[in-house]
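Listed here are the chains, written in short residue letters.
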Amino acid sequence: MRGGWRDYWKYGDLITEVVACNTATVIRVNKSDIYLHYQYECRRFSPFHQRKRSPFDLSGKVQTIEQMCVAGGRFKAPHPQGLPPYEGEDLKVAILTNYGNIFLWTESCAQFTRCVFISLRYTAVRQFVLQSNHLAFVSSDGQTFLSSELNLKHKTTSSSSSLNTVSQKKSKGEYLTAQDLVNDVTPTYLIRAERLANVHRAVKITSDPKGYNFAVLQFRPLDFLLATDDIPRITSSQFQSQLTTLLTEANECDLLHDVTFQVASTLFPAHRFSAFY
């Protein structure tokens with residue numbers, strides 16, 4: 001193999017993840033470097049160490065790779081024996097960063113480009129799966145989304161007014177919507193995804209290579225509340241004290257009470273709805 005991984009290996013490097021498909025193998029080292037073994041060659045990607053500002057550099061924050069997926073590709077002649085005929089397609093390598101963003105590399109566009117999901121609010125991704133013709137992911141709030149037809153549309157230009165709006169929000173540190181990300185000058189892939197109904201508290205999703213069958217791993221309701229620290233907290237009842245306050249502060253001249261009862265020499269302001277129903 002030309003340009004093997006040993007040519008790039010340094011003492012102390014740690015392999016953190018290995019993924020593979022029928023045509024390629026991808027190795028992640030130290031959560032920042034990627035080694036692609038494809039067609040008897042080895043390529044190294046270091047998107048976090050580029051001299052120019054890369055699409056990974058969001059407001060100067062350091063991002064690391066949390067997950068990888070690889071799909072597609074073509075066999076280099078001769079075709080391996082024992083495998084059915086396969087014409088192949090562009091190889092795709094996708095990575096998930098610690099900020100919940102997905103970046104995609106393809107043979108036709110040899111750089112990692114951010115994926116923006118149109119028709120959706122900005123959603124941080126927890127886990128995803130990539131196959132040749134579809135992309136499915138789990139959001140940070142436990143919802144699942146699917147792009148059944150992975151028709152990649154590459155956007156590189158935007159209008160001046162849209163760019164001014166995005167730059168102003170970035171300078172003020174304001175929240176960026178999905179449409180703002182689409183209008184940004186940074187090259188992006190526009191992907192249309194739909195939410196899968198009746199799937200809640202999802203943790204992980206997987207599928208077969210053809211995208212016909214899916215499986216979703218879910219939290220139990222109590223475990224999800226414990227993991228997200230969203231346990232409902234019920235305080236002690238204050239109903240009696242609130243009614244007592246309402247009685248002591250009642251006045252026949254306020255706007256709340258429109259009926260007055262007189263018992264002997266004592267007046268009791270009330271509301272006609274509560275008095276007669």
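Structure: above.
Report on the accompanying structure.

Cut-offs applied
Residues numbered from 1 in each chain as written. Predicted model: local features only at pLDDT ≥ 70, side-chain atom pairs only at ≥ 80, totals over all residues. Heavy atoms only, no water. Pairing = 2+ DSSP bridges. Helix = DSSP H or I, 4+ residues; strand = E, 2+ residues; numbered from the N terminus. Salt bridge = Lys/Arg side-chain N within 4 Å of Asp/Glu carboxyl O. Buried < 20%, exposed > 50% of the residue type's maximum accessible area, 1.4 Å probe, protein only. Core = buried A, V, L, I, M, F, W, Y, C linked by side-chain atoms within 4.5 Å. Contact = heavy atoms within 4.5 Å. Phe/Tyr/Trp six-rings, centres within 6.5 Å; stacked < 30°, edge-to-face > 60°. Polar contact = N/O pair within 3.5 Å; in protein donor to acceptor, adjacent residues only side chain to side chain. Axes fitted to C-alpha atoms, helices over the stretch in contact; angles between N-to-C directions.

**Concerning the sheet that holds strand E9 (residues 125-130)**
Phase 1: The antiparallel open sheet is built from four strands, whose spatial order is E9-E10-E11-E14. Because the sheet does not close on itself, it has two edges, and the strands there are E9 and strand E14 (194-195).
Phase 2: Inspection of the sheet shows strand E11 (residues 144-147) paired to E14 by two bridges, in the antiparallel sense. Pairing of Phe145 across the sheet is with Arg195, part of E14.

**Some thoughts on the pattern of salt bridges**
Phase 1: Throughout the structure, instances matching the rule amount to four salt bridges.
Phase 2: Of the charged contacts in the structure, one is a salt bridge between Arg74 and Asp90, with a shortest N-O distance of 3.3 Å. Taken together, the residues span a long stretch of sequence, with Arg74 in the loop between strand E5 (65-73) and strand E6 (89-97) and Asp90 in strand E6 at a distance of 16 residues.
Phase 3: The exposure class assigned to Asp90 is partly exposed, which follows from its relative accessible area of 26%.
Phase 4: Salt-bridge contacts for Arg74 lead to Glu107; the nearest nitrogen and oxygen are separated by 3.6 Å. With a gap of 33 residues between them, Arg74 in the loop between E5 and E6 and Glu107 in the loop between strand E7 (102-106) and strand E8 (113-118) connect regions that are remote in the sequence.
Phase 5: Each of Arg74, Asp90 and Glu107 takes part in one network of salt bridges that share partners.

**So, unusual backbone geometry**
Among all residues except glycine, the phi angle is most often negative; among peptide bonds, the trans geometry is most common.
Phase 1: Within the chain, Asn198 stands out as a residue other than glycine whose phi angle is a positive 65 degrees.
Phase 2: Looking at where Asn198 falls in the secondary structure, it is placed in the loop between E14 and strand E15 (202-207).
Phase 3: Despite not being glycine, Arg201 has its phi angle at roughly 55 degrees, a positive value.
Phase 4: Judged by relative accessible area, Arg201 falls into the partly exposed class, the value being 28%.

**Some thoughts on the nonpolar core**
Nonpolar side chains in soluble globular proteins generally cluster together in the buried interior.
Phase 1: Of all hydrophobic cores here, the largest spans 20 residues; its most connected members are Ile102, Phe117, Phe128 and Leu130.
Phase 2: Contributions of two or more residues to this core are made by E5, E6, E7, E8, E9, strand E10 (135-139) and strand E13 (188-192).
Phase 3: For this core, the element with the highest residue contribution is E9, accounting for three residues.
Phase 4: If we skip the residues at most four places from it in the chain, Leu130 touches Cys69, Val70, Ala71, Lys92, Ala94, Leu104, Leu135 and Leu150.
Phase 5: Ala24, Val70, Val93 and Phe103 belong to the second largest nonpolar core, which has 16 residues in total.

**Focus on the side chain of Ser147**
Phase 1: Turning to its location among the elements, Ser147 is positioned in strand E11.
Phase 2: Beyond its immediate chain neighbours, meaning those up to four positions away, Ser147 contacts Asn133, His134, Leu135, Ile191, Arg192 and Ala193.

**Side note on the packing of aromatic side chains**
Phase 1: All chains considered together, the criterion is met by four aromatic pairs.
Phase 2: Where Phe117 meets Phe137, the ring centres are 4.5 Å apart and the plane angle is 35 degrees; that geometry is what we call tilted. With Phe117 in strand E8 and Phe137 in strand E10, the pair connects residues that are 20 residues apart, well separated along the chain.
Phase 3: Take Phe117: its relative accessible area is 11%, and that puts it in the buried class.

**Some words on the pairing of E8**
Phase 1: The buried count for E8 comes to five of six residues, which makes it a mostly enclosed element.
Phase 2: Across two bridges, the pairing between E7 and E8 is antiparallel. Across the sheet, Phe103 pairs through a bridge with Arg114, a residue of E8.
Phase 3: The turn linking E7 back onto E8 is made up of six residues.
Phase 4: As judged from the five bridges shared by E8 and E13, these two strands associate in the parallel manner.

**Observations concerning the environment of Ser147**
Phase 1: What makes Ser147 buried here is its relative accessible area of 1%.
Phase 2: Placed 44 residues apart in sequence, Ser147 and Ile191 show a C-alpha to C-alpha distance of 7.2 Å.
Phase 3: Among the polar contacts listed, one links the side chain of Ser147 to the backbone oxygen of Arg192, at a separation of 3.1 Å.

**Here's the deal with the sheet that holds strand E1 (residues 15-20)**
Phase 1: Sheet architecture is open: four strands sit in the order E1-E2-E3-E4, paired in antiparallel fashion. One side of each edge strand has no neighbouring strand; the edge strands of this open sheet are E1 and strand E4 (41-45). Each neighbouring strand pair of the sheet contributes to a mean axis angle of 15 degrees, computed without reference to strand direction.
Phase 2: Pairing of strand E3 (residues 33-38) with E4, which is carried by five bridges, proceeds in the antiparallel orientation. By the bridge assignment for E4, Tyr35 is matched with Arg44.

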